[in-house]
Amino acid sequence: MAYLAAAAALPTWWVLGNRQAATDTGFKSFLKDDSVLPAGRERDSKSFESFLKCKGVKGNAASEDPSVLRESLDEEEIDDRPRANVLVLYGTEFGFSREIAEKLAEELKRTKEYRSQVINMADCAEGLELNKHQAVMIPVSTQGDGVAPAEAREFCDWLESDAAPSLRGTYFGVCALGDKTYTHFCRCGRKVDARMESLGATRVVDRVDVDKEDWIAVDGWISSVISSLSSLPLTKELRSSKVEVSNTKAKWGKSHPFPAKLVSIERLCQIKQDTDKDTICVKFHIGNSGLKYEPGDALGVYPTNRLQDVDDLLEALSEDGNQLVAIPSWHYSEVDDEGSPLYKEGLMTLREALAKCYDIREPRTSLLSNLLEEMSSIPTNGHALQVRSLQNLLSEGIVKNTKLEKYLAQRHVVDIVKDFAVAKLPLDKFLRSLRQLQPRLYSISSSQLEAEDEVCLTVAIVRYEALEKDRVGVCSTFLSDRVEEGSTIPIFISKNPDFRLPRDSGKPIIMIGPGTGLAPFRAFVKERILRERIYNEEPGPAMLFFGCRDANQDYLYGDLLESWRKDGKVDLVTAFSRMQEKKVYVQTRLREESSAKQVWDLVSQGGHIYICGDANHMAGEVEQALLDIFSMYLPQSQAFPQAEANKRAVAFLQALSEGHRYERDVWFS
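A brief look at the structure comes next. (Residues numbered from 1 in each chain as written. Predicted model: local features only at pLDDT ≥ 70, side-chain atom pairs only at ≥ 80, totals over all residues. Heavy atoms only, no water.)

1. Things to note about the overall build of the protein
Part 1 of the argument: In terms of regular secondary structure, the protein is built from 19 helices and 26 strands.
Part 2 of the argument: Only carbon and sulfur atoms are counted for the fraction: they give 47% of the accessible area of the protein, which is about 28,500 Å². (Helix = DSSP H or I, 4+ residues; strand = E, 2+ residues; numbered from the N terminus. Areas by Shrake-Rupley, 256 points an atom, 1.4 Å probe, with all protein chains shown as cover.)

2. Notes on the side chain of arginine 115
Part 1 of the argument: Summarising the element assignment, arginine 115 is placed in strand 3 (residues 114-120).
Part 2 of the argument: Reaching out from arginine 115, the side chain makes a polar contact with the backbone oxygen of arginine 81 at a distance of 3.5 Å. (Polar contact = N/O pair within 3.5 Å; in protein donor to acceptor, adjacent residues only side chain to side chain.)

3. So, the packing of helix 2 (residues 96-111) against helix 5 (residues 215-229)
Part 1 of the argument: Relative to each other, helix 2 and helix 5 sit at 40°, their axes nearing to 10 Å. Between helix 2 and helix 5, the angle falls in the class oblique. Here the hand of the crossing between helix 2 and helix 5 comes out right-handed. Along the contact surface, helix 2 presents Phe96, Glu99, Ile100, Lys103, Leu104, Glu107, Leu108 and Thr111, while helix 5 presents Trp215, Val218, Asp219, Trp221, Ile222, Val225, Ile226 and Leu229. (Axes fitted to C-alpha atoms, helices over the stretch in contact; angles between N-to-C directions. Parallel < 35°, antiparallel > 145°, perpendicular 65-115°, else oblique. Left-handed = near helix turned anticlockwise from the far one by under 90°. Contact = heavy atoms within 4.5 Å.)

4. Quick notes on helix 15 (residues 558-566)
Part 1 of the argument: Every buried residue of helix 15 is accounted for by Gly558, Leu561 and Trp564. Along helix 15, the residues classed as buried sweep out an arc of 130° about the axis, all on the same side. Facing away from the buried side of helix 15, by more than 90 degrees, are the exposed residues Asp559 and Lys566.
Part 2 of the argument: At its buried positions, helix 15 is contacted by helix 14 (519-535), strand 23 (542-548) and strand 24 (571-576).
Part 3 of the argument: Two residues or fewer past helix 15, glycine 568 is found with a positive phi of approximately 80°. (Buried < 20%, exposed > 50% of the residue type's maximum accessible area, 1.4 Å probe, protein only. Arc of directions from axis to C-beta.)

5. As for the environment of serine 227
Part 1 of the argument: Note on placement: serine 227 falls in helix 5.
Part 2 of the argument: Distance in space between the C-alpha atoms of serine 227 and valine 204 is 9.8 Å, their sequence separation being 23 residues.

6. What about the sheet that holds strand 26 (residues 662-667)?
Part 1 of the argument: What the five strands build is an open sheet, ordered 24-23-22-25-26; its pairing is parallel. What marks the edges here is a single partner per strand, and that holds for strand 24 and strand 26. Within the sheet, the average angular offset between the axes of one strand and its neighbour, ignoring direction, is 10°.
Part 2 of the argument: Bridge analysis of strand 22 (residues 509-512) against strand 25 (residues 608-614) gives four bridges, and the strand direction is parallel. In the sheet register, isoleucine 512 faces strand 25, and the bridge partner there is isoleucine 611.
Part 3 of the argument: Against the sheet, helix 15 makes contact with strand 23 and strand 24, and its axis sits at roughly 140° relative to strand 24, the strand it touches most.
Part 4 of the argument: Helix-sheet contacts for helix 18 (residues 618-633) involve strand 22, strand 25 and strand 26, and the interaxial angle to strand 25 is about 155°. (Pairing = 2+ DSSP bridges.)

7. Comments concerning the side chain of serine 228
Part 1 of the argument: Among the secondary structure elements, serine 228 is positioned in helix 5.
Part 2 of the argument: Look at serine 228 and you get buried, because its relative accessible area is 16%.
Part 3 of the argument: Ignoring any residue separated from it by four or fewer positions in sequence, one finds serine 228 in contact with Val204 and Val205.

8. Brief notes about unusual backbone geometry
Part 1 of the argument: For serine 318, which is not glycine, the phi torsion reads 55° and is therefore positive.
Part 2 of the argument: Along the chain, the position of serine 318 falls in the loop between helix 6 (307-317) and strand 13 (324-326).
Part 3 of the argument: A residue is classified by how much of its surface remains accessible, and serine 318, at 61% relative accessible area, is exposed.
Part 4 of the argument: Phi is positive for histidine 660, which is not a glycine, with a value near 60°.
Part 5 of the argument: Mapping histidine 660 onto the fold places it in the loop between helix 19 (642-658) and strand 26.
Part 6 of the argument: The exposure class assigned to histidine 660 is partly exposed, which follows from its relative accessible area of 48%.

9. Quick word on the pairing of strand 20 (residues 469-472)
Looking down a regular strand, the side chains alternate between one sheet face and the other.
Part 1 of the argument: As paired elements, strand 19 (residues 463-466) and strand 20 share four bridges and run antiparallel to each other. Following the sheet pairing, tyrosine 464 is matched in strand 20 by arginine 471.
Part 2 of the argument: Connecting strand 19 to the antiparallel partner strand 20 that follows it, the hairpin turn spans two residues, and leucine 467 within it adopts a positive phi of roughly 55°.

10. A few points about the pairing of strand 24
Part 1 of the argument: Of all the six residues making up strand 24, five are buried; the element is thus mostly covered by neighbouring parts of the structure.
Part 2 of the argument: One crossover worth recording links strand 23 to the parallel strand 24 by way of helix 15, and it is right-handed. (Right-handed = clockwise from strand over helix to strand, strands pointing away.)

11. Quick notes on the nonpolar core
Part 1 of the argument: With 38 residues, the main nonpolar core has Leu313, Leu354, Leu368 and Phe430 as its most contacted residues.
Part 2 of the argument: Looking at this core, the elements with two or more residues in it are helix 6, helix 7 (350-356), helix 8 (365-376), helix 9 (384-396), helix 10 (403-409), helix 11 (413-419) and helix 12 (427-432).
Part 3 of the argument: No other element matches the five residues that helix 8 contributes to this core.
Part 4 of the argument: Those residues in contact with leucine 313, other than ones at most four positions away along the chain, are Leu354, Ile360, Val413, Val414, Val417 and Phe430. (Core = buried A, V, L, I, M, F, W, Y, C linked by side-chain atoms within 4.5 Å.)

12. Side note on a negative patch on the surface
Part 1 of the argument: The grouping of Glu126, Glu154, Asp157 and Glu160 at the surface amounts to a negative patch.
Part 2 of the argument: Along the chain, glutamate 154 turns up in helix 3 (residues 153-160).
Part 3 of the argument: Classification of glutamate 154 as exposed rests on a relative accessible area of 53%. (Patch = residues over 30% accessible without salt bridge, like charges linked within 9 Å, V, L, I, M, F, W, Y side chains within 5 Å. Salt bridge = Lys/Arg side-chain N within 4 Å of Asp/Glu carboxyl O. Lys, Arg positive; Asp, Glu negative; His and termini not counted. Charge placed at Lys NZ, Arg CZ, Asp CG, Glu CD.)

What follows is the structure, given as structure tokens:
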């Protein structure tokens, strides 16, 4: 999974070095600037859904991009015309699959030939009678390093099981969503596609694998679906065949978060200058909520945007923050202290909506497209150059290192509004151009065996500069700066069954987690210590590689780690990168002869390897170090050249992964 262990996806968040911006930070200046991406950014890591690709600037494509849930998509037409029923089934982590499902349903409805019902896999944990549907179209995302969205996992597991019915006579199509920066691109969608075929369903449109939020590819898939359906012998009926789903979801979850009490915030770093790393330990009280978690799971936290940023945006929009607007139906359920709905009329002030519901940091290309449309309708040529330049910018779409990506990466929504102040969008259209404010996922740093009613997180504080402005991470500074002990914060548990301690406590474990990648391993070690104390389960050897800049500045939980080392609970290997002339990292320590041999010995004893942290560099370099160790120690004949030894090392690591003995919880920044 690619959610954040410490720096809030996302997914993701993270801090990079500062960059000096040009004096003129406006759009015209940008058009002359071919510089690289800014050196500081917080994104939803967990997330392949960080960027939208441009849908083009012709027609009304951008304005039709659905960004809020339409409750009436499955309503019957008020006439007697027979229509073919189509089920649209989606699985999503951050909402993009839902948007695609809703747009497909709307396009099907527009033809007047089909009725559709949009169903969330999260509502079908116990399965679905897919064999009763003649056509099933499935947009589904892949979460992190190749797994199904958290709330769609139970459905996907059911689909892979023997309980899934034969689907002969059912037509289907899959839109697989993913992020090419991850190894297992679109794996979930590919698996669903293959499974539907193996159950006997007939594929009527080729699966499309969508990188990030490429609306051009998505729109192509939707067009293909409608074209293909028109050639099928589908039965048309006067009434819709609605799916009844049983609501077996837990009381608390992503759409209905638990209002947890913030118990404490502990500073973990010694801050001497602005560039120093800053990390906190956050503890929540979950009372009698019934929330259960295991080491390796994550906690979802719903933040609010900084009020200063909200007010800056309201000023740029020239809008009254006290006016009432409709609450987006995808917004999570909010309750008061007595458990009653906080907003009973479906309305909140615009200021509240921008603070709680909308992402005002990551601009969408649809915002630019809508602004372009508005500018093009203004009867003056004073901004003709801007119009042409924006047309050229949008025509590229978002492909890595294009000007469009660079332009958006440096800017918050307010910067876009100011760059194109000549164009004022109607408020409802502007809000439809914004992303949903996503919860941030952090690896849990505690064991529930220690305190059943508490959960701890390790959070890196994100601060950076872009366009000569101070920027902050939404959730990290929400926790560190904008809430106080005793505050109530919406949280939920996000399960991560692909990052688990061995069932046999006696198995050795090797944990590699620099920086806040340490978070889940704090929980791992605590769990094993407590299981020994409570259940007399003698733990196997534990080896922990931890790295940071300076032992005197950002040695997270340093006293605790050193006590574990002293008591023989872990064999601790540290890498303090800035405390000597030549930088030393965890991968450096791994390659040292004594560490390499110990790692091999533990693996040979059935040990499990875990990596948590940055996937840009660390995870890949650590994996290469492991391959070098395996290549060195795997038995091999002198007849085999080194190239053959390397291949065997890769195969060995793959076998460990398939046997759940090599697990990663990493994210891209």
